[in-house]
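Listed below are the residues making up each chain.
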Amino acid sequence: MGDNPLSPRRGILRPQSAGVRSIPLRPTSAVRIRPSTARPKFAGKNPPSGKDGGESTSVIEKALRDIKSEQWRTQLRPESASSGRRTVSPSRGATPRGSAPPRSRSPRKEVAMALSAIKRGEGAGTGRLTGGKREWSEEELTRIFSAKCIDLELKPSQERLERFMTKITADSGGGALVLRETGLGPLSGAAVAAFLLDPSAERFTSLVIAGNAIRDLGATAIAEVLDKRGRDQLVSLDMRSNDIGPEGGEALFTALGRNLSLTALDLGVLGGVQRNRLGSKACPAMAAALALNTSLTSLSLFGNGMGTEGGRTFAAGLRANTTLRSLDLSLNGLKDEGTNMIAEALESASLESVNLSQNQITKAAVRLSGALASGRLLLQTLNLSYNLIGAHGSTALGHALASNSILGSLNLDKNLLGPEGGQGLSQGLRSKSLTTLSLSGTNLRDAGARAVAAALEHNHALTRLDLSSNMLGDPAGKAVAAMLRFNSSLSWLSLQDNAISDDGGVAIGNALPHNQSLRSMSLKANSIHDPTGEAIVGGMRGSTSLTELDVSWNDLNYSNFQAIERLIQEHSALYKQGAVGRLKKELHRLRKEEPKLAVREAEFAALVQERDRLITEAHVTRDEVDANELFTKEKIEEVEFEFASSSQELDERKAEMKTLRGVVDEEEKGMDKEVKHAEMLASISVKEVKMAHQEKERLAEEKISAQRELILQEENLEREQAEAAETLAALKAAYDEACAQMEENSKEVEAFEAADLEAASAAAEVEAAATEKAEAEHERVAVGAPEPEKKPEDKKPPPGAADKKGAAAAGGSG
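Model, not experiment: these values are computed from the prediction.

Peer 1: Whenever I open this one, the overall build of the chain confuses me. Can you help?
Peer 2: In terms of helices and strands, the chain carries 21 helices and 16 strands. Buried residues in the chain amount to 41% of all 814 residues. For the chain, the share of sequence-separated contacts (at least 6 apart) that also reach a separation of at least 24 residues comes to 83%. For the chain, the computed accessible surface area is about 43,800 Å², with 53% contributed by carbon and sulfur atoms.

Take a look at the structure:
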């Protein structure tokens, strides 16, 4: 008793032990092989290449070469046979005088020696090891063991080898290779990947490698398995707590985008050791994989630190995915911003189970409520525990539950609902689909619990309710007792760790004979005493439905404990005896529900089809808008580029003109100096003087012509610049005019539709008048009344007669 089925660590892919409400700091296994605290030599981003390794060599091939290479030698000396202590190797300490340093053996030789000893019968080996219904030869696991010794810098030994093989063969079987918490490192992960690529390993469809330290190298090697043989081999992959970083995550999800067989992937947290840390850097690869993958149905990213940016990127890929059914994003620091994007993506996804616990969610609960109320979600399980949701978010969730007909399980443990939040949530507890509700540690107090209990009096769907750790007193206990008298569906109820005393406890005990559905109840750690115990004993004698009851940590007499235990045993025996009758009754009820279920399935299929149609139309419209925007943007960029090119060319020509003008000025100054010098010379002839003047005039004419040419070039360049500016303005004006024309066309269409409506109304009125006139004429003929005389104004010529006479007169005069 007292377990919470919706514990925060009870995620989509994580089994949860009873009563655990927080994340343990370390794995709970009693005996395990722990990886070394120090990072092994081969823990970097990329594996070291062999002598003949090129860039195209795969990670697995490089790792296998490194396992075989002599550079991976053990760093520890053999254990002393006399003292059992390790001795210092020659490379690390002093060598005894007069003795040569002993030679260390490679891990490969040590493993070969251990295997030889086993085959000779010196160990417990039998030649073949059996795991479940499968038999594996020792050679298939030797390479993995050798790589493990290299990763942990351990000396291979026969005892370690036997222990390693016995653990693997005992845990594995039924198509699953289980290597959980076996001390594997990066090279070991690559060795496991190489083993899976072998044709003899095709029988394995599931790989459990959680609780190790394969890091990015091992993850990249396993990604090669998904890429090469993922189409027909692995279906489930558990890689929790392996110290995988962004690079390993990118490799995994890149391969997942091309994989067609994997249906379940768990990259969450197994405990507090070797946590994965994909972060926001791996989210683009996740989004791309979700958009391309068509086989994955379950994904856990618990505790990977995606953040708000990663949540936004991940939501873009989730929006395009239609196959994922289960998603765990707990403990990722999404906050309100990232959660809002996830909530928007849920409306177009096909998810049935979502875990968003421990993400510091506050106001985003309102956005999630809107998605639930929209009717576009297929969500059946929602976990929002360990967040900061208050009364406002809880009230929004209550309104959403009132209109949602699919959600079956809601977990709000350890939030900040308060009494007001409980009252707001109670507005949606008449839901016909919700079967499990957990409100443990939400500070409901008496007011909130009374509102919840009052709403459940007429609820016939909820089967599990957790109100533990809410500081409830006797008013809440009495409200729960009143609910038990009328409710006929609740089978599991937890009121443990509250402050209910004898007033509330006696009321609950007196209500038990009136309830025939409750099977399990917990009143552990309250303030009840013998009066409550006597009332419970009396109530259990009047009803045989209760088969589990926890009243520990209360001040009850031992006789009451004995009476309760005896009645529980009797009720359990009676419950087992009536199992056949209950099953027949339930089968009869289910047969009656089959037609309703068929109708609901047809309605659901129609809704899914309509939703897919609307999503397709929205995508088409979005693509058209994006294409138009892209075309307009490209056109504007092209014009701006031409304008910039013209401006640059104009600047270059201006610079050339300035340079030419400077050259001309220098030549003019030089000619002036030469003329002055010629005039000063008295011995020069008149002819030479005239020739000098002529040369000066010629140079002056050339200067004028050059200036004219420069002016013309400037005018041409300015004209080209003006034309380019006019072209750009014309294009922008045409774009604005097109937009305005589209608006005017829409207005004209609306005006035409209004005119059509008015014309139809006028036609209807004319038809009605004609009908009324015909009926009046019919009545006059029937009674034989004379035809009324037409008034002068009624004898007006038909329209157009005057125009015709005028035209005839004009023709005659002509």
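Peer 1: So what exactly am I meant to see when it comes to the pattern of salt bridges here?
Peer 2: One side chain can pair with another of opposite charge once the charged atoms of both are near each other. Counted according to the given criterion, the structure contains 22 salt bridges. Three or more residues are tied together by salt bridges with common partners; here these are R215, D243 and R277.

Peer 1: Before we go on, may I ask you to explain the environment of G249 in this structure?
Peer 2: Note on placement: G249 falls in helix 7 (residues 246–256). Sequence separation between G249 and K281 is 32 residues; the distance between their C-alpha atoms is 8.9 Å. Not counting residues up to four positions away in its chain, the partners in contact with G249 are I244, L278 and A282.

Peer 1: What's the story with the side chain of S494 in this structure? I'm lost.
Peer 2: Mapped onto the elements of the fold, S494 is located in strand 14 (residues 492–494). Leaving out residues up to four positions away in the same chain, S494 has contacts with L465, D466, L467, S468 and S522.

Peer 1: Sorry, what's going on with a negative patch on the surface here?
Peer 2: On the surface, a cluster of negative charge is contributed by E634, E637, E638, E640 and E642. On the secondary structure map, E642 appears in helix 19 (residues 579–680).

Peer 1: Honestly, the packing of aromatic side chains in this entry has me stumped. Any pointers?
Peer 2: Any aromatic ring pair is given by two values, namely how distant the centres are and how the planes are angled relative to each other. All told, the structure shown has two aromatic pairs when counted by the stated rule. Between F145 and F164 the ring centres are 5.6 Å apart and the planes differ by 45°, which places this aromatic pair in the tilted class. Here F145 is found in helix 3 (residues 138–152), whereas its partner F164 is found in helix 4 (residues 158–171), with 19 residues between them in sequence. Pair check on accessibility: F145 and F164 agree, each one buried. One cation-aromatic arrangement involves R464 over W492; the distance from NZ or CZ to the ring centre is 4.5 Å.

Peer 1: In this structure, what is going on with helix 11 (residues 364–373)? I would like to understand it.
Peer 2: Quick reminder: α-helices carry 3.6 residues per turn. Residues three or four places apart thus point the same way. Within helix 11, burial applies to A364, A365, L368, S369, A371 and L372. Along helix 11, the residues classed as buried sweep out an arc of 160° about the axis, all on the same side. Positive backbone phi, at 85°, marks G375, one or two positions downstream of helix 11.

Peer 1: Teacher, can you tell me more about the layout of surface pockets here?
Peer 2: Remark: the empty space left among the atoms is shown by a probe the size of a water molecule rolled over them. Roughly 1,300 Å³ of volume is contained in the largest pocket. In this structure, the largest pocket is lined by 44 residues; those nearest its centre are L378, S405, I406, R600 and F604. When contributions to the lining of the largest pocket are tallied by element, the ones reaching two or more residues are helix 11, helix 12 (391–403) and helix 19. In terms of residue count, helix 19 provides more of the lining of the largest pocket than any other element does, 19 residues in total. The class makeup of the residues in the lining of the largest pocket is 15 nonpolar, ten polar and 19 charged. Forming the walls of the second largest pocket are 15 residues, and the residues nearest its centre are R519, R582, K585, E586 and R589. Top element by residues in the lining of the second largest pocket is helix 19. It accounts for six residues. Split by residue class, the lining of the second largest pocket holds three nonpolar, seven polar and five charged.

Peer 1: Even after reading the chapter, I still don't get the side chain of N293, so can you show me in this structure?
Peer 2: Summarising the element assignment, N293 is placed in the loop between helix 8 (283–292) and strand 7 (298–300). A polar contact of 3.2 Å, which involves the side chain of N293, links it to the backbone oxygen of N259. Setting aside its immediate chain neighbours within four residues, N293 contacts L256, G257, N259, N321 and T323.

Peer 1: Just checking my understanding: could you explain unusual backbone geometry for this structure?
Peer 2: Note: most residues except glycine have negative phi, and most peptide bonds are trans. Even without being a glycine, E153 presents a positive backbone phi close to 55°. Tracing the backbone through its elements, the reader meets E153 in the loop between helix 3 and helix 4. We classify E153 as partly exposed; its relative accessible area is 28%. Phi at E181 takes a positive value of approximately 50°, unusual for a residue other than glycine. When you line up the elements, E181 lands in the loop between strand 3 (176–178) and helix 5 (186–197).

Peer 1: Honestly, the confidence of the model for the chain in this entry has me stumped. Any pointers?
Peer 2: Segments scoring low in pLDDT should not have their predicted coordinates read at a detailed level. Per-residue confidence for the chain gives a mean pLDDT of 80, with 79% of residues at or over 70. Across residues 1–56, confidence stays below pLDDT 50; counting only partners more than four residues off in sequence or on other chains, it has 133 contacts.

Peer 1: Sorry if this is basic, but what is going on with the packing of helix 14 (residues 445–456) against helix 15 (residues 474–486) here?
Peer 2: The relative placement of two packed helices is expressed as an angle between their axes plus a distance between the axes. Axis separation between helix 14 and helix 15 bottoms out at 8 Å; the angle between their running directions is 5°. One element, helix 14, and the other, helix 15, form an angle in the roughly parallel class. Residues D446, A449, R450, A453 and L456 of helix 14 pack against P475, A476, A479, V480 and M483 of helix 15. Here the residues of the contact of helix 14 with helix 15 sort into eight nonpolar, no polar and two charged.

Peer 1: Any chance you could explain the environment of G183 here in plain terms?
Peer 2: If you trace the backbone, G183 turns up in the loop between strand 3 and helix 5. Accessibility expressed as a relative area gives 0% for G183, which makes it buried.

Peer 1: Explanation requested: the nonpolar core in the structure shown.
Peer 2: Generally speaking, nonpolar side chains in soluble globular proteins are found buried as a group. Grouped together as the largest cluster of nonpolar side chains are 137 residues, with contacts concentrated most on L207, M239, F253, L299, F314 and L318. A per-element tally of this core places helix 5 first, with eight residues. In this structure, L207 is in contact with L177, L179, V192, L196, I222, L234, S236, L237 and D238, ignoring residues within four places of it in sequence.

Peer 1: Looking at this structure, how should I read the packing of helix 1 (residues 59–68) against helix 5?
Peer 2: Close contact between helix 1 and helix 5 brings their axes to 9 Å; oriented N to C, the two are set at 115°. Viewed along their axes, helix 1 and helix 5 form a crossing whose handedness is left-handed. In this structure, helix 1 contributes I60, A63, L64 and I67 to the contact, and helix 5 contributes L187, A190, A191, A193, A194 and L197. In terms of residue class, the contact of helix 1 with helix 5 is built from ten nonpolar, no polar and no charged.

Peer 1: Any chance you could explain the environment of D612 here in plain terms?
Peer 2: Looking at where D612 falls in the secondary structure, it is placed in helix 19. Relative accessible area serves as the criterion here: at 35%, D612 is assigned to the partly exposed category. It is 10.0 Å that separates the C-alpha atoms of D612 and T322, two residues lying 290 residues apart in sequence.

Peer 1: Would you take a moment to explain helix 10 (residues 335–346) for this structure?
Peer 2: The end-to-end C-alpha distance of helix 10 is 16 Å, a good match for the 16 Å that twelve residues give at a rise of 1.5 Å each. When helix 10 is considered as a whole, its buried residues turn out to be D336, G338, T339, I342, A343, A345 and L346. Buried-residue contacts for helix 10 involve helix 9 (307–319), strand 9 (353–355) and helix 11.

Basis of the calculations
- Residues numbered from 1 in each chain as written.
- Predicted model: local features only at pLDDT ≥ 70, side-chain atom pairs only at ≥ 80, totals over all residues.
- Heavy atoms only, no water.
- Helix = DSSP H or I, 4+ residues; strand = E, 2+ residues; numbered from the N terminus.
- Buried < 20%, exposed > 50% of the residue type's maximum accessible area, 1.4 Å probe, protein only.
- Contact = heavy atoms within 4.5 Å.
- Areas by Shrake-Rupley, 256 points an atom, 1.4 Å probe, with all protein chains shown as cover.
- Salt bridge = Lys/Arg side-chain N within 4 Å of Asp/Glu carboxyl O.
- Patch = residues over 30% accessible without salt bridge, like charges linked within 9 Å, V, L, I, M, F, W, Y side chains within 5 Å.
- Lys, Arg positive; Asp, Glu negative; His and termini not counted.
- Charge placed at Lys NZ, Arg CZ, Asp CG, Glu CD.
- Phe/Tyr/Trp six-rings, centres within 6.5 Å; stacked < 30°, edge-to-face > 60°.
- Lys NZ or Arg CZ within 6 Å of the ring centre and 35° of its normal.
- Arc of directions from axis to C-beta.
- 1 Å grid on protein atoms, 1.4 Å probe; cavity = no way out; pocket = protein on both sides within 12 Å on 5 of 7 lines; lining within 4 Å.
- Points joined across faces, edges and corners; volume = space filled by probe spheres on them.
- Nonpolar A, V, L, I, M, F, W, Y, C, P; charged D, E, K, R; others polar.
- Polar contact = N/O pair within 3.5 Å; in protein donor to acceptor, adjacent residues only side chain to side chain.
- pLDDT = per-residue confidence, 0-100.
- Axes fitted to C-alpha atoms, helices over the stretch in contact; angles between N-to-C directions.
- Parallel < 35°, antiparallel > 145°, perpendicular 65-115°, else oblique.
- Core = buried A, V, L, I, M, F, W, Y, C linked by side-chain atoms within 4.5 Å.
- Left-handed = near helix turned anticlockwise from the far one by under 90°.
- Expected span 1.5 Å × (residues − 1).

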